[in-house]
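# Structural overview
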Amino acid sequence: QVQLVESGGGLVQAGGSLRLSCAASGRTFSSYAMGWFRQAPGKEREFVAAISGSGGRTYYTDSVKGRFTISRDNAKNTVWLQMSSLKPEDTAVYYCAVNPAGRSYTRAYEYDVWGQGTQVTVSS
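Quick look at the structure, then. Everything numeric in this text was worked out from a predicted model, so none of it was measured.

Taken as a whole and judged by the stated rule, the model has five salt bridges. Its salt-bridge partner being E46, residue R38 comes within 2.6 Å of it at the nearest N-O pair. Given a relative accessible area of 34%, E46 falls into the partly exposed group. For D90, the salt bridge goes to R67, with nearest N and O atoms at 2.8 Å. With D90 in the loop between strand 8 (78-83) and strand 9 (92-99) and R67 in the loop between strand 6 (58-60) and strand 7 (68-73), the pair connects residues that are 23 residues apart, well separated along the chain. Of the residues examined, D90 reaches a relative accessible area of 1% and is grouped as buried.

Following this line, the structure appears as structure tokens:
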């Protein structure tokens, strides 16, 4: 059974940067697309970014384009989310997840395994 462990969250001032990591184990990592979602208090979980199994294709929600970068290293079984120019509205718990079919990247139901989440708090 695959397991995902996120790390790298924390408290940062607006305009700052953080890099989230998601370490995977128990599955052929390079075969699967991966995504990052986030959930703020009182709000639904929303798509942030996704990357294909090879890393050749990336996808972002409009609100983070130009500020966030998703990447992966299949040899290390790790996906990263580099976040820059952070805003208070980026405050949320961030989750990484596996998209086994590599489709509908923005839809949470296409992801079958989720990490425990890491808190990101951006102060104004």
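This next bit is on the state of the cysteines. Under the definition given, this model contains one disulfide. Each sulfur in the disulfide pair C22 and C96 lies 2.0 Å from the other. Between C22 and C96 the sulfur-sulfur dihedral comes to about 60°; the bridge is accordingly right-handed. On the criterion of sequence distance, the pair formed by C22 in strand 3 (residues 18-25) and C96 in strand 9 is long-range, its members being 74 residues apart.

Calculation rules
- Residues numbered from 1 in each chain as written.
- Predicted model: local features only at pLDDT ≥ 70, side-chain atom pairs only at ≥ 80, totals over all residues.
- Heavy atoms only, no water.
- Salt bridge = Lys/Arg side-chain N within 4 Å of Asp/Glu carboxyl O.
- Buried < 20%, exposed > 50% of the residue type's maximum accessible area, 1.4 Å probe, protein only.
- Helix = DSSP H or I, 4+ residues; strand = E, 2+ residues; numbered from the N terminus.
- Disulfide = S-S within 2.5 Å.

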